[in-house]
Amino acid sequence: MFKKLLAKLSPGLGIDLGTANSLVYLENQGIVINEPSVVAYNQKTNEILAIGREAQAMIGRTPPHIVAVQPLTNGVISDFELTEEMLRYFYRKFQKSKLGILPYRPRVAIGIPCGITEVEKKAVEDAALNAGAGEVYLVEQALAAAIGSHIPIFEPSGNILVDIGGGTTDIVIISLGGIVRYKNLKIAGQKFNEDIIKYVKDEYRLLIGEVSAERVKLEIGSAKVNGMEKLETIVRGRDLTTGLPKEITLNSEEIARALDKSLKVLVEAIRSTIEETPPELVADISTKNIWLSGGGSLLHNLDRLIESYCAMPVKSVDDPLTAVVRGLGIIVEDLNKYKSILTYESKDNE
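Each chain has its residues counted from 1, running along the sequence as written. It should be noted that, the model being predicted, local features are given only for residues of pLDDT at least 70 and side-chain atom pairs only at 80 or more, the latter also being counted only at that level, while totals for whole chains, interfaces and linings use all residues. Here the side-chain values reflect all heavy atoms present in the structure, with hydrogen atoms and water set aside.

Undergrad: Give me the lowdown on the packing of aromatic side chains, citing residues and values where you can.
TA: In this analysis, rings of Phe, Tyr and Trp, with Trp reduced to its six-membered ring, are considered paired at centre separations within 6.5 Å, and the interplanar angle assigns stacked below 30 degrees, edge-to-face beyond 60, and tilted for intermediate values. In this structure the tally under the stated criterion is two aromatic pairs. Pairing Y89 with F90 gives two aromatic rings, centres 5.9 Å apart and planes at 50°, and the pair type is tilted. Using a relative accessible area of 23% as the deciding quantity, one classes Y89 as partly exposed. Each ring, one from F154 and one from Y338, has its centre 6.0 Å from the other, and the planes form 35°; the classification is tilted. Placement of F154 in the loop between α5 (141–148) and β11 (159–164) and of Y338 in the loop between α11 (323–333) and β19 (344–345) is noted, with a sequence separation of 184 residues between them. Accessible area is worked out with a 1.4 Å probe on protein chains only. A residue is then buried under 20% of its type maximum, exposed over 50%, and partly exposed in between. Only runs of H or I of at least four residues qualify as helices and only runs of E of at least two qualify as strands under DSSP, and these elements are numbered from the N terminus.

What follows is the structure, encoded as structure tokens:
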């Protein structure tokens, strides 16, 4: 009971715990953290050395006993202890309760992918509580993104949203505050990076890392469409033939070819989700946009590709990278209003 009281007296947090990036919304203040989901630790001493951007800068540059890893894979926890440490790091940034003299036990709303198992949900809840939360609420990321984008989810009318994150993509049909149909794919930002790495390796016999692939994706990444603009960038890596450093120039047409197979699976999944939707909701969504959210939706020409496959207008929500955490912030500020959409509410009454 005391933990519940502390939660009421502590500012709430909305946490988008992503595979690639984690964002934190502080009640009544807005987004206060936007950092990579990376933790660096010393394997010899088990000491946490860095979290976030500082840890990301260590990837591929550390001695063998220091490891920089992402503790989440495909949107779910793959390393429980490191995820707990990352959450504890977030909490420590806002340690004061509203009264200033009591311990900080925040109310935390955390986004989760659609369709994850009860065991995976419990892992998120346990990590959040063990790190110091007073109350934990789990919300499906696609619903949070819709709320953060002010899409009217409680109306008896269908809306379709595609949330493309770092590890997973959620394709959802929303009506009356719930998800009517959904598909969850392991094709998202990290898969795009893997496609680029494989293309460069196969075509140029050049080995590049994920950081380089991410930069290429952001600078010239594009879906394959007619009349696409041709952009170029330089990438450096290790020549697999000589073992020496090598530099090449890539263009956006090449990256479009590299991503083509994954993007076709994505757009086919969107189309099949629409085809499986009840007729009345299809009639609703046919007059509206397909909404895109998540960092992966920023890929150049992706909206045009989806439009060509689905014969519907496609539009990105405002600031798609932060849509989920903005929605979680809105929820944590008014839990009573959004109680019906919570996937899980912690029952800890200590």
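Picking up after the structure, the text goes on.
Undergrad: Which residues make up the sheet that holds β11, and what values do they have?
TA: Pairing within the open sheet is mixed, and its five strands lie in the order β13-β12-β11-β17-β18. Because the sheet does not close on itself, it has two edges, and the strands there are β13 (178–185) and β18 (314–316). Each strand axis lies, on average, 20° off the axis of its neighbour in the sheet, ignoring direction. When β11 meets strand β17 (residues 290–293), the two strands line up parallel, connected through four bridges. Across the sheet, residue I160 finds its bridge partner in β17, namely I290. Packing against the sheet, helix α8 (residues 252–275) makes contact with β11, β12 (169–175), β13 and β17, and its axis sits at approximately 155° to β13. Whether two residues touch is decided by their heavy atoms; if any such pair falls within 4.5 Å, the residues are in contact. Throughout, an axis means a line fitted to C-alpha atoms (over the contacting stretch in the case of helices), and angles, computed between N-to-C directions, take values from 0 to 180 degrees. Strand contacts of helix α10 (residues 302–310): β11, β17 and β18, with the helix running at about 150° to β17, the strand carrying the most contacts. Two strands qualify as a pair provided that DSSP identifies no fewer than 2 bridges between them.

Undergrad: An account of the pairing of strand β3 (residues 30–36) is requested, with residue identities and associated values reported.
TA: In this sheet, β3 lies alongside strand β2 (residues 21–26) in antiparallel orientation, the contact comprising six bridges. Bridge pairing links V24 to I33 in β3. The hairpin formed by β2 and β3 contains three residues between the paired strands, and N28 there has a positive phi angle of roughly 70°.

Undergrad: Now, about the pairing of strand β15 (residues 232–239): what can you tell me, with residues and values included?
TA: Bridging between strand β14 (residues 206–207) and β15 involves two bridges; their strand directions are antiparallel. By the bridge assignment, L207 is partnered in β15 with R238. Sheet analysis places β15 next to strand β16 (residues 245–251), joined by seven bridges and oriented antiparallel. In the strand pairing of β16, T233 is matched with L250. In sequence, β15 turns back onto β16 through a hairpin of five residues, with G243 there showing a positive phi of about 80°.

Undergrad: So, the nonpolar core: which residues are in play, and what are the values?
TA: Considering soluble globular proteins, one finds that nonpolar side chains tend to be buried as a cluster. In this structure, L263, I270, I290 and I306 are the most contacted members of the largest nonpolar core, which totals 44 residues. Among the elements that make up this core, the one with the highest residue count is α8 (10 residues). Beyond its immediate sequence surroundings of up to four residues, I306 is in contact with V267, I270, I290, L292, A311 and V314. Only buried residues count toward a nonpolar core, which is a set of Ala, Val, Leu, Ile, Met, Phe, Trp, Tyr and Cys residues joined through side-chain atoms within 4.5 Å. L13, I77, I112 and A133 belong to the second-largest nonpolar core, a separate cluster that totals 31 residues.

Undergrad: Which residues make up the sheet that holds β16, and what are the values?
TA: Strand pairing in a sheet relies on backbone hydrogen bonds, with the paired strands running either antiparallel or parallel. Reading across the sheet, the three strands line up as β14-β15-β16 and stay open at both edges, with antiparallel pairing between neighbours. Edge strands, defined here as strands with exactly one partner in the open sheet, are β14 and β16. Sheet contacts for helix α7 (residues 210–220): β15 and β16; angle to β15, the most-contacted strand, approximately 165°.

Undergrad: Any details on the pattern of salt bridges? Residues and values, ideally.
TA: Side chains bearing opposite charge may pair, as long as their charged atoms lie close to each other. Salt bridge, as used here: a side-chain nitrogen of Lys or Arg that lies within 4 Å of a carboxyl oxygen of Asp or Glu. Counted under the stated rule, the structure contains 15 salt bridges. Residues D260 and K264 are paired through a salt bridge, measuring 3.4 Å at the closest nitrogen-oxygen approach. Residue D260 and its partner K264 are both found in helix α8; the two are separated by four residues, about one turn of the helix. Of the residues examined, K264 reaches a relative accessible area of 40% and is grouped as partly exposed.

Undergrad: Requested: an account of unusual backbone geometry, with residues and values cited.
TA: One can expect most non-glycine residues to show negative phi and most peptide bonds to be in trans. A positive phi angle, near 50°, is found at N74, a position not held by glycine. Structurally, the position occupied by N74 is in the loop between β7 (72–73) and β8 (76–77). Take N74: its relative accessible area is 27%, and that puts it in the partly exposed class. The backbone of D319 sits at a positive phi, close to 45°, despite the residue not being glycine. Within the fold, D319 resides in the loop between β18 and α11.

Undergrad: How would you summarise the packing of helix α6 (residues 189–204) against α8 if you had to cite specific residues and measurements?
TA: Two elements in contact, α6 and α8, have axes whose closest approach is 9 Å; the angle formed by their N-to-C orientations is 125°. Here α6 is positioned oblique relative to α8, judged by the angle of their axes. Handedness of the crossing formed by α6 with α8: right-handed. Residue-level contacts link K191, F192, D195, I196, Y199 and Y204 of α6 to E254, I255, R257, A258, L259, S262 and L263 of α8. Residue classes in the contact of α6 with α8 are distributed as eight nonpolar, one polar and four charged. Comment on the angle field: the value is read as roughly parallel under 35 degrees, roughly antiparallel over 145, roughly perpendicular from 65 to 115, and oblique elsewhere. Note on convention: near helix rotated counterclockwise from far helix by under a right angle means a left-handed crossing. Clockwise means right-handed. When residues are grouped by polarity, Ala, Val, Leu, Ile, Met, Phe, Trp, Tyr, Cys and Pro land in nonpolar, Asp, Glu, Lys and Arg in charged, and all others, Gly among them, in polar.

The analysis is restricted to geometry; functional conclusions fall outside its scope.
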